Amino acid sequence: MKVFAISDLHLSINNPKPMDIFGSRWDNYVEKIYKNWQNIIKPEDTVVIGGDISWGMNLKQAKEDFAFLHSLPGKKLILKGNHDYWWGTAKKMKEFFEQHMKDTIKHLYNHPSVVAYTIFNEGWGQFDGDRMYGIAKKMDSTRLYDATSGWFIQNDSDFDSFHIYFGNKKLNPKERPLFLSEFGGYTYKVDGHVFNEKKTYGYGTCKSKEELMNRIVARYENLLLPAVSKGACGCVYTQLSDVEDEINGLYTYDRKVCKVVKEDMLAMSEKLYAQLEN
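## A closer look at the overall build of the protein
Point 1. Looking only at helices and strands, the protein features 6 helices and 10 strands.
Point 2. With respect to the three principal axes, the spread of C-alpha positions in the protein is 70 × 50 × 35 Å.
Point 3. Evaluated residue by residue, the protein yields a buried proportion of 40% over its 278 residues.
Point 4. Here the analysis covers contacts within the protein between residues at least 6 apart in sequence; of these, 63% occur between residues at least 24 apart.
Point 5. Total accessible area on the protein stands at roughly 16300 Å², and carbon and sulfur atoms take up 54% of it.
Point 6. Of note, the protein has its 37 positive side-chain charges centred 2 Å away from the centre of its 37 negative side-chain charges.

Pasting the structure below:
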């Protein structure tokens, strides 16, 4: 893990502000930031952003700028600059989050594919978990809510949610359904089908399709299968496809190569269903 620092991004993606008045070095500056960031920063790195992040006058105007930063690898630590007029109090930030949570639930209330929501993922921005759960559940009680996915739960959630990538941990379901909401993440690089040839990221390296498949099957059999009869109710393998530098998908970044043996994955699925039925 490395620590980097940058400041004066002066983003204005939603309402572009001409920056070339400050010199030709600012031509296509957002594209330059994106390319250099992707080439240098790894997902496990930390980036300190020392202010002057967005020209937005409020959080709504700065939303697209933060979406852009969120799409970039690394953990970001944000400091306030003298041009960050969008910066409000912690109270306003929490109100912004709460309103967008409500808007999301309203927008997707009749979508047939939404069966559950994650309110907070790990510790990123987590606050008032129980209160947020209560608001969400009251708005739509037909869905399940993972209030603090893979993190320290307060009291209220529809799952006991865990993220497990390393070690030989055992799952011990208690009163709530246990949800293995993240696990796996093994990497296998398929040459010619990666986003970045120079940088990769994942949770354990495999040199072949056979090794990848063996590790996935072993993880299911040793971690998840023994817990199903005790109350483990679901799992999310990391992840469906490679995402930029993360090459831990079942498919490659371009979705052209399946990196696992389909028949073996189907057989594992059948084992899980058999355990559920017992």
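## Notes on the packing of helix 5 (residues 209-228) against helix 6 (residues 262-277)
Point 1. At a minimum axis separation of 11 Å, helix 5 and helix 6 run at an interaxial angle of 5°. As judged from the angle between their axes, helix 5 and helix 6 are roughly parallel. Counted together, Met213, Ile216, Val217, Tyr220, Glu221, Leu224, Leu225 and Val228 of helix 5 and Asp264, Met265, Met268, Lys271, Leu272, Gln275 and Leu276 of helix 6 form the full contact between these two elements.
Point 2. Classifying every residue of the contact of helix 5 with helix 6 by side-chain character gives 11 nonpolar, 1 polar and 3 charged.

## With respect to the sheet that holds strand 3 (residues 75-78)
Point 1. Spatial strand order, 1-2-3: 3 strands in an open sheet with parallel pairing. Each having just a single partner strand, strand 1 (3-6) and strand 3 make up the two edges of the open sheet. The average undirected angle you get between the axes of adjacent strands in this sheet is 25°.
Point 2. Bridging between strand 1 and strand 2 (residues 46-49) involves 4 bridges; their strand directions are parallel. Pairing of Val3 across the sheet is with Thr46, part of strand 2.

## Looking at the pairing of strand 7 (residues 178-184)
Point 1. By the criterion of burial, strand 7 is predominantly enclosed, with 7 of the 7 residues buried.
Point 2. Relative to strand 7, strand 6 (residues 160-164) runs parallel, the two being bridged by 5 bridges. The residue of strand 7 that forms the bridge with Ser161 is Phe179.
Point 3. With 5 bridges connecting them, strand 7 and strand 10 (residues 232-238) associate as parallel partners. Bridging across to strand 10, Leu180 finds its partner in Cys235.

## What to know about unusual backbone geometry
Point 1. With an omega of 0°, the peptide bond between Thr238 and Gln239 qualifies as cis.
Point 2. Assignment of secondary structure puts Gln239 in the loop between strand 10 and helix 6.
Point 3. Despite not being glycine, Glu244 shows a phi value in the positive range, around 50°.
Point 4. Turning to its location among the elements, Glu244 is positioned in the loop between strand 10 and helix 6.

## Notes on helix 4 (residues 129-139)
Point 1. Looking only at helix 4, the buried set comprises Gly129, Asp130, Met132, Tyr133, Ile135 and Ala136.
Point 2. The elements touched by buried residues of helix 4 are helix 3 (90-107), strand 4 (116-121) and strand 5 (144-149).

## Some remarks on the side chain of Asp245
Point 1. Mapped onto the fold, Asp245 is located in the loop between strand 10 and helix 6.
Point 2. Buried and without a salt bridge, Asp245 has Lys199 as its closest oppositely charged side chain, separated by 4.5 Å.
Point 3. Leaving out residues up to four positions away in the same chain, Asp245 has contacts with Gln38, Ile41, Phe195, Asn196, Lys199, Thr200 and Tyr201.

## Re the sheet that holds strand 10
Point 1. The sheet built from 3 strands is open, its strands ordered 6-7-10 with parallel pairing. One side of each edge strand has no neighbouring strand; the edge strands of this open sheet are strand 6 and strand 10. For this sheet the average axis-to-axis angle between neighbouring strands, irrespective of direction, equals 15°.
Point 2. Those strands touched by helix 5 are strand 6, strand 7 and strand 10, and its axis lies near 160° from that of strand 10.

Calculation rules
- Residues numbered from 1 in each chain as written.
- Predicted model: local features only at pLDDT ≥ 70, side-chain atom pairs only at ≥ 80, totals over all residues.
- Heavy atoms only, no water.
- Helix = DSSP H or I, 4+ residues; strand = E, 2+ residues; numbered from the N terminus.
- Buried < 20%, exposed > 50% of the residue type's maximum accessible area, 1.4 Å probe, protein only.
- Contact = heavy atoms within 4.5 Å.
- Areas by Shrake-Rupley, 256 points an atom, 1.4 Å probe, with all protein chains shown as cover.
- Lys, Arg positive; Asp, Glu negative; His and termini not counted.
- Charge placed at Lys NZ, Arg CZ, Asp CG, Glu CD.
- Axes fitted to C-alpha atoms, helices over the stretch in contact; angles between N-to-C directions.
- Parallel < 35°, antiparallel > 145°, perpendicular 65-115°, else oblique.
- Nonpolar A, V, L, I, M, F, W, Y, C, P; charged D, E, K, R; others polar.
- Pairing = 2+ DSSP bridges.
- Salt bridge = Lys/Arg side-chain N within 4 Å of Asp/Glu carboxyl O.

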